[in-house]
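Observations on the three-dimensional arrangement
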Amino acid sequence: MPQPNTSAAWLKRESDIVRRPVSRAIAIESAGGVLMIAQAAVLAHVADAAIFDGAALTAILPWLVGLFLLIGLRAILSYAGEQARFAAGATIKAVVRERLLRTIERLGVVWQRRMPSGDLVETLTEGVEKLEAYYGRYLSQTAVAVLLPLAILAVIMPIDWLSGLVLLATAPLIPVFMIFIGKGAEKLNQRQWRRMGVLSGHFLDALQGLTTLRIFNLGAREARLIERLSDDYRRSTMAVLRVAFLSSLVLEFLATVSIALVAVLIGFRLMWGQIGFEAGFLVLLLAPEFYLPLRNMGSVYHARMEAIAAAERMVEIFDAPALEWPGTRRDVFADAPPRVTLAALGYTYPGSDRPALAGIDLDIAAGETIAVVGASGAGKSTLALALLGLIRADRGDLRINGAPLETIAIERWREQLAWVPQQPRLFHGSVRDNLLLGDAAANDDALWSALDRAQARDFVAALPRGLDTPVGERGQRLSGGQVQRLAIARAFVRNARFVVVDEISAHLDAENERRLVTALEALAQGRGMLLIAHRLASVAHADRIVVMDGGRIVEQGRHEQLLAHGGVYARLASDSRTIAA
Amino acid sequence: MNSLGSDLRWWLRLARPYAGAFALGVAVSIVTVSANMALLAVAGWFIASMAAAGLAGAGMNYFTPAAVIRGLAIVRTGGRYLERLITHDATLRLLTGLRVWFYRQIEPLSTVDMRNGDLLARVRADIDTLDHVYLRLIAPVTVGLACLLGAVAVMWLYSPAVAHVNLALLGVAGIALPGLTYRLGRAPGAAAVDTSARMKAAAVDWVEGLGELTVFGALEPRRETIDALSRDWIAHQKQLSKLSGLSSAGVLLLTNLALVGTACFLVPLIRSGALQPVDFAPLILLVMGCFEAVALMPGAWQALGQARAATARLRAFEDRRPAVAEPAHPAPPPACEAIRFDHVGTRYQADDTWALREVTLTIAPGEHIAVVGPSGAGKTTFVNLLLRLAEIREGEIRWDGRPLSAYRAADLRARIAFVPQRVYLFHTSVRENLLVGRPEATAEDMIAAADVAGIHDDIMALPEGYDTLVGEEGLRLSGGQIRRIGIARALLRDTPLVILDEPFEGLDMRTAARLWSRLERHLADRTLIVVSHDLARVHDFARILVLENAGLVADGDHATLVRHCETYRRLQGAYFNRRLDRHAPDAGRGETAPTPELSLRRHA
């Protein structure tokens, strides 16, 4: 990137996209300003004619008609200006949102897991909304805040240079004061926001832990605590507001006093006959308009601050390194389970100093089932991610049917794959929608047969609307074991050649556990499988057991061999035996 | 949604304690806005009169108007400052009241209602939204109307016709037009809110399912769905923007028409001598001063929509029934833990299936009882009934001879130490979390309880010991550690009845065995109910209750149950319970399902 990627610089750079609507908004609003000046001039003329010429309505009528036309034109411009500002905001929102979506996709799961998903979603939705005010209001308003006062000065100076001088002298004070006071208020404000965060965090905490408070009979105490915290917050907020309001008091006072000064100066020169009434009245009409855009800058500046804060997370996303798979080969797959070879495979998570995979050598024959066991943190899940192409190993070699994964078109490899994560995500939609993720073209018969083989037919059939039952965030609640069996069914639907399974490790009752093991056994038929196992029952059916520790394979072999070997595995197995005894 | 009148009454009722401050705020605000209008008018009159005096070569008393102008400028700026202070303070007080009101409102509700973290987050936002009711709705409308009417009354003194024209045009600009915009905007506004909620849900799905969607090659269609929703959302906003653009253009047109209309009526009046010529200037400027009062109003309509939506959601909680009813004349707290279930049944909602049915049994004081059964058998419901977290629908539970409903729930809970299946830790220090059990406990009591629960050493190993913060911004504890803190917290209560729901979940087997032997000793003379999956731990109980399909299927010791209870034998299906990962000292971490309270928080 040519410029330092602060969010303010980013916001400015992106304004290229909306150059046209923003320029249009500036042009329209400036034109509106010119019309406003013209209207004031006509009004001043009418007032002069009415008061000092004793003019008849008929004589003034043409001027009033002109006034009417000016007003109509201003109304049209006001509408057009709003549309131009909206267009600027809308364009930027659509463009940035789409770009964010595409970028996040390319960053991969490792990056995504480190980022709280609530934050990401907030950025995509409300964060992007906050950009609107910057492009829709800030950019055009700052231009207008310069142009309009200049235009007014240009009108006032020739007719009354003294008033012009008063305005010219006081005008710069307003933005200077505003920035000066605004900076201090900003700091106070941020502190206040943090307090607000503490307060509402506490409130949410109390609501979420309500049952706990209730069973410990602490309800009344908590109500008093909320009241006290909330009242503390009020007091500190008022301390901030007193300062913040004081600053706007100073600004308003400045503007009001200057206008009063202009009025008084005009009044005396009118009495001394140094200036005509029409000119004096025009200056009096224009003086408040001179300060108006400057006074509006406060709220516009606030919009800018909000946009900068929102853009911070976006810049972080756009700057994050993407996970790229450059391969293009599409010819390495036959209609059979692939052979997967790992040679000295290594991977270290970004920001970590310890490799998660420290040289894995493993040859998975076509159709073989490998069970991986080991303590948490041994590298089992990382190994699974590497096979799925969700991370790119930094050392060593991962070959599919002899071809390095880097040379293969990644989507072709993924077409061969199915994945049963430990906590599968149920997507918003029906059971059917979730199964069709495996193969969008599958018919209901295929789905039921997959559910059957995944030992999931019974509970799906018992759901209120069968395959059409909504699941996911707001849908039917399913147990962990049931969700995993649905994910197994999805893998059946996909009819993949190689399956990566991370067995659920939470406690299941005997019945659920038996069904899960049966389903996994069926899934392994005719495919390659890498199973991260937590149960002896699942391991027993594997062709080979791989024991991992500290990112390495420390033992491998069949159940009996490993038991006889008397190493880590034997210790694991004997531990679990004592539990079951 | 409730009627507008009913909502208004509800707001006023909640605001009653702060009514004085609110009224003062409105009064000061009226003075401020009027001062501004008067300032313009007086300035207009001043320069017109000065010009007239100059032309006539006459002198004029300019001290009084100049002083009035100065005074009004001070009243205007100072009044604005005072008004903002008063109204903001009153509003913050109101928000405090609302938070406490809401907390009290939901405190007695059943637990099932409260599982939704999104709902709670929205409630929090809704309460904050209600500050608009006064700041953006009631105050501006009252002030705007009062000032408009005042200005129109002043105009009436000069010319009734001018007053009529202004009343009509400014009334339409300030009230009718924004009202119409509000009505027309309701449909696209609701559509925009709905679309944004759908987009948010789709984005949550997409972000959290990123890995699976990548593997299944399903990213693109989902991304396109989100993108389409984003564009829909913007399209709805465009409609709203058109409406608001038309509305503000309309306000501009109408207010300026009032200006032209006023001029039209004044010119003949001056010509006929009915009006002093110099009065033209102040009257015209008074009309311009009214623009400010009119400008206060359109925002109020917007605020009305938001405030009513928030109010509807908050008021919905008023209609919810508490989980259990409190007795009108509570019996004195029970003296002992003799508990009898007599054909007890319950369900959480009238149309739900039974969560527990036909349970009859007796618990003697000091008895140690284990409760086992497959998931969903009704174990937790059994416990919830004793804790008065669920209401009995059939049969009766008698505690020390009286039905549960005769006691205050707080009196019963004071006799129970309970460790729920999902221990909730507050986002504060470990110490504060333990003291939830007994806020007045001494440090020694607390450490003793932590010792029995086998968590003291773990806590001392934390960066700041008992003062370490836990939860979102603090340390992440393992599932097993959270559970043991929950146990210590309950033990701190020192009650005659102890209920542990799945106390060993997430603990490796050695820790579980050590914990159990300490607990058994510590709780020897108390009534103890343990709900557990871990059949290795329940062998030793003299009494084991087996629940299945919401019913009590067996009640006896291990030996009897093995012989006579098929369900128990099935649960014992030991082979499948062999776990490979229990040896890990930290087997609990990340392997127990996160509590729904914590996992929902991620989107909050």
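With an unreviewed UniProt entry as reference, chain B is termed Cysteine ABC transporter permease, source organism Salinisphaera orenii MK-B5. The record in UniProt for chain B states the following under Subcellular location (unreviewed entry): "Cell membrane".

Under an unreviewed UniProt entry, chain A has the name Cysteine ABC transporter permease and belongs to Salinisphaera orenii MK-B5. Its UniProt record, at the heading Subcellular location (unreviewed entry), says of chain A: "Cell membrane".

1. Some points on the overall build of chain A
Looking only at helices and strands, one finds 19 helices and twelve strands in chain A. For 581 residues, the compact-globule formula gives about 25 Å, and the C-alpha radius of gyration of chain A, at 36 Å, lies well above that figure. Across its three principal directions, the C-alpha atoms of chain A cover 115 × 65 × 50 Å. Burial statistics for chain A: of 581 residues in total, 56% are counted as buried. In chain A, once contacts between residues fewer than 6 apart in sequence are set aside, the share between residues at least 24 apart is 77%. Counting only carbon and sulfur atoms, one obtains 58% of the accessible surface of chain A, whose full area is about 23500 Å². Computed over 62 positive and 58 negative side-chain charges, the separation of the two mean positions in chain A equals 2 Å.

2. Points about helix H16 (residues 510-524) of chain A
Between its first and last C-alpha, H16(A) extends 21 Å over 15 residues, near the 21 Å set by a 1.5 Å rise per residue. Taken from the residues just after H16(A), Gly526(A) is the one with a positive phi, measuring 75°.

3. Description of the pairing of strand E9 (residues 543-548) of chain B
Residues and elements named next belong to chain B. Summarising burial for E9: six of the six residues are buried, a large majority. Pairing analysis gives four bridges linking strand E3 (residues 368-372) to E9, with the strands arranged parallel. Within E9, the residue paired with Ala370 across the bridge is Ile544. Note that E9 and strand E10 (residues 551-556) share five bridges and pair antiparallel. Within E10, the residue paired with Leu547 across the bridge is Leu552.

4. Quick notes on the pattern of salt bridges
One side chain can pair with another of opposite charge once the charged atoms of both are near each other. Scanning the entire structure with this criterion turns up 54 salt bridges over all chains. For Glu212(B), the salt bridge goes to Arg490(A), with nearest N and O atoms at 2.6 Å. Here Arg490(A) lies in helix H15 (residues 480-494) and Glu212(B) lies in helix H7 (residues 210-215), a pairing that spans two chains. The class for Glu212(B) is buried, based on a relative accessible area of 5%. For Arg490(A), a relative accessible area of 3% gives the class buried. Residue Arg543(B) is joined to Glu367(B) by a salt bridge in which the shortest nitrogen-to-oxygen separation is 3.0 Å. Of the two residues, Arg543(B) is situated in strand E9 and Glu367(B) in the loop between strand E2 (356-363) and E3; the sequence distance between them amounts to 176 residues.

5. What to know about the sheet that holds strand E5 (residues 403-404) of chain A
Residue and element names in this part refer to chain A. In spatial order, the strands read E2-E1-E4-E5; together these four strands make up an open sheet with antiparallel pairing. In this open sheet, the two strands that pair with only one neighbour each are strand E2 (357-364) and E5. Of the pairings in the sheet, the one linking strand E4 (residues 395-400) to E5 comprises two bridges and is antiparallel in character. By the bridge assignment for E5, Ile400 is matched with Ala403.

6. Comments concerning the domain arrangement of chain A
Residues and elements named next belong to chain A. Assigned domains within chain A: domain 1 (4-319) and domain 2 (326-416 + 534-574). Its C-alpha centre places domain 1 at a distance of 58 Å from the equivalent point of domain 2. Counting residues at the interface gives four residues for domain 1 and six residues for domain 2. Summed over both partners, the interface of domain 1 with domain 2 buries about 380 Å², with 71% contributed by carbon and sulfur atoms. When the buried area of domain 1 at its contact with domain 2 is split by residue, Val109, Val110 and Arg114 rank highest and sum to 83% of it.

7. Quick look at the side chain of Thr181(B)
Its place among the elements puts Thr181(B) in helix H6 (residues 160-208). Sequence-distant contacts of Thr181(B), defined by excluding residues within four places in its chain, comprise Leu243(B) and Ser247(B).

8. Section: the UniProt feature "transmembrane region" (unreviewed entry) in chain A
Per the UniProt record, the feature "transmembrane region" (unreviewed entry) sits at residues 21-43, 55-77, 138-159, 165-185 and 243-266 of chain A. Measuring from the first to the last C-alpha atom of residues 55-77 of chain A gives 32 Å, for a span that is 91% helix and 0% strand.

9. Observations regarding the confidence of the model for chain B
Residues and elements named next belong to chain B. Scored by pLDDT, chain B has a mean of 85; 91% of the residues are at 70 or more. For chain B, the element scoring lowest by mean pLDDT is helix H21 (residues 596-601), at 29; helix H14 (residues 443-452) scores highest, at 94. Under the prediction, the complex receives an ipTM of 0.87, its pTM being 0.80.

10. Quick word on the interface of chain B and chain A
Listed per partner, the contact involves 146 residues of chain B and 147 residues of chain A. Here chain B meets chain A over a buried area of about 14000 Å², counting both sides, of which 67% is carbon and sulfur. Linking chain B to chain A there are eight salt bridges. Across the pair Arg231(B) and Glu98(A) runs a salt bridge whose closest N-O atoms are separated by 3.4 Å. The tally of links from chain B across to chain A stands at 20 residue pairs in polar contact (both at pLDDT 80 or more). If you tally residues by element for the side of chain B that touches chain A, the top one is helix H8 (residues 219-271) of chain B, at 30 residues.

11. Focus: the packing of helix H1 (residues 4-15) of chain B against helix H3 (residues 63-106) of chain B
Residues and elements named next belong to chain B. Between H1 and H3, whose axes approach to 10 Å, the crossing angle comes to 105°. As the angle between them shows, H1 and H3 are arranged roughly perpendicular. Residues Trp10, Leu14 and Ala15 of H1 form the contact with H3, whose own contacting residues are Leu94, Leu98 and Trp101. Of the residues in the contact of H1 with H3, the class split is six nonpolar, no polar and no charged.

12. Focus on the nonpolar core
Of all hydrophobic cores here, the largest spans 185 residues; its most connected members are Phe102(B), Phe280(B), Phe341(B) and Phe382(B). Examining the composition of this core, we find that 16 residues originate from one element, helix H8 (residues 219-271) of chain A, more than from any other. In this structure, Phe382(B) is in contact with Phe341(B), Leu356(B), Leu361(B), Val371(B), Ile529(B), Leu545(B) and Leu547(B), ignoring residues within four places of it in sequence. By size, the runner-up hydrophobic cluster in this structure holds 98 residues, among which are Ile92(A), Leu523(A), Leu210(B) and Ile226(B).

13. Remarks on the packing of H8(B) against helix H9 (residues 280-295) of chain B
Residues and elements named next belong to chain B. At a minimum axis distance of 10 Å, the contact between H8 and H9 shows a crossing angle of 160°. It follows that H8 is roughly antiparallel to H9 by the angle criterion. In this structure, H8 crosses over H9, and the sense of that crossing is right-handed. Taken together, the residues of H9 that come into contact with H8 (itself represented by Val251, Thr255, Asn256, Ala258, Leu259, Thr262, Ala263, Leu266, Val267 and Ile270) are Phe280, Leu283, Ile284, Val287, Met288, Phe291 and Val294.

14. Brief notes about the sheet that holds strand E12 (residues 552-557) of chain A
Residue and element names in this part refer to chain A. Within the open sheet, the six strands sit side by side as E6-E9-E10-E3-E11-E12. Their pairing is mixed. At either margin of the open sheet sits one strand with a lone partner, and together these are strand E6 (417-420) and E12. In this sheet, neighbouring strand axes are inclined to one another by 20° on average, regardless of whether the strands run parallel or antiparallel. Helix H10 (residues 380-387) rests against strand E3 (369-373), E6, strand E9 (498-502), strand E10 (528-532) and strand E11 (544-549) of the sheet, and its axis sits at about 150° to E10.

15. Overview of the packing of aromatic side chains
If you walk through the whole model with that rule in mind, you get 20 aromatic pairs over all chains. Considering the side-chain rings of Tyr134(A) and Tyr138(A), the 5.2 Å spacing of their centres and the 20° angle between planes classify their relative orientation as stacked. One end of the pair is Tyr134(A) and the other is Tyr138(A), both in helix H4 (residues 117-159) and four residues apart, which spans about a single turn. Look at Phe277(A) and Phe281(A): their rings are 5.3 Å apart centre to centre, the planes differ by 20°, and that puts the pair in the stacked class. Here Phe277(A) and its partner Phe281(A) are both found in helix H9 (residues 277-319), four residues apart, which amounts to about one turn of the helix. Across the pair, exposure class does not vary: Phe277(A) and Phe281(A) are buried alike. Taken together through their ring pairs, the aromatic side chains of Phe268(A), Trp272(A), Tyr62(B) and Phe63(B) make up a single cluster. Looking at Arg99(A), its charged tip hangs above the ring of Phe318(A), at a distance of 5.4 Å from the centre. The aromatic ring of Trp354(B) is capped on one face by Arg347(B), whose charged end is 4.2 Å from the ring centroid.

Thresholds applied
Residues numbered from 1 in each chain as written. Chains lettered and ligands numbered in written order. Predicted model: local features only at pLDDT ≥ 70, side-chain atom pairs only at ≥ 80, totals over all residues. Heavy atoms only, no water. UniProt positions renumbered as here; feature names shortened; annotations may be inferred. Helix = DSSP H or I, 4+ residues; strand = E, 2+ residues; numbered from the N terminus. Rg over C-alpha atoms; globule rule 2.2 N^0.38 Å. Buried < 20%, exposed > 50% of the residue type's maximum accessible area, 1.4 Å probe, protein only. Contact = heavy atoms within 4.5 Å. Areas by Shrake-Rupley, 256 points an atom, 1.4 Å probe, with all protein chains shown as cover. Lys, Arg positive; Asp, Glu negative; His and termini not counted. Charge placed at Lys NZ, Arg CZ, Asp CG, Glu CD. Expected span 1.5 Å × (residues − 1). Pairing = 2+ DSSP bridges. Salt bridge = Lys/Arg side-chain N within 4 Å of Asp/Glu carboxyl O. Domains from an automatic or database assignment. Buried area = accessible area lost by both parts, 1.4 Å probe. pLDDT = per-residue confidence, 0-100. Polar contact = N/O pair within 3.5 Å; in protein donor to acceptor, adjacent residues only side chain to side chain. Axes fitted to C-alpha atoms, helices over the stretch in contact; angles between N-to-C directions. Parallel < 35°, antiparallel > 145°, perpendicular 65-115°, else oblique. Nonpolar A, V, L, I, M, F, W, Y, C, P; charged D, E, K, R; others polar. Core = buried A, V, L, I, M, F, W, Y, C linked by side-chain atoms within 4.5 Å. Left-handed = near helix turned anticlockwise from the far one by under 90°. Phe/Tyr/Trp six-rings, centres within 6.5 Å; stacked < 30°, edge-to-face > 60°. Lys NZ or Arg CZ within 6 Å of the ring centre and 35° of its normal.

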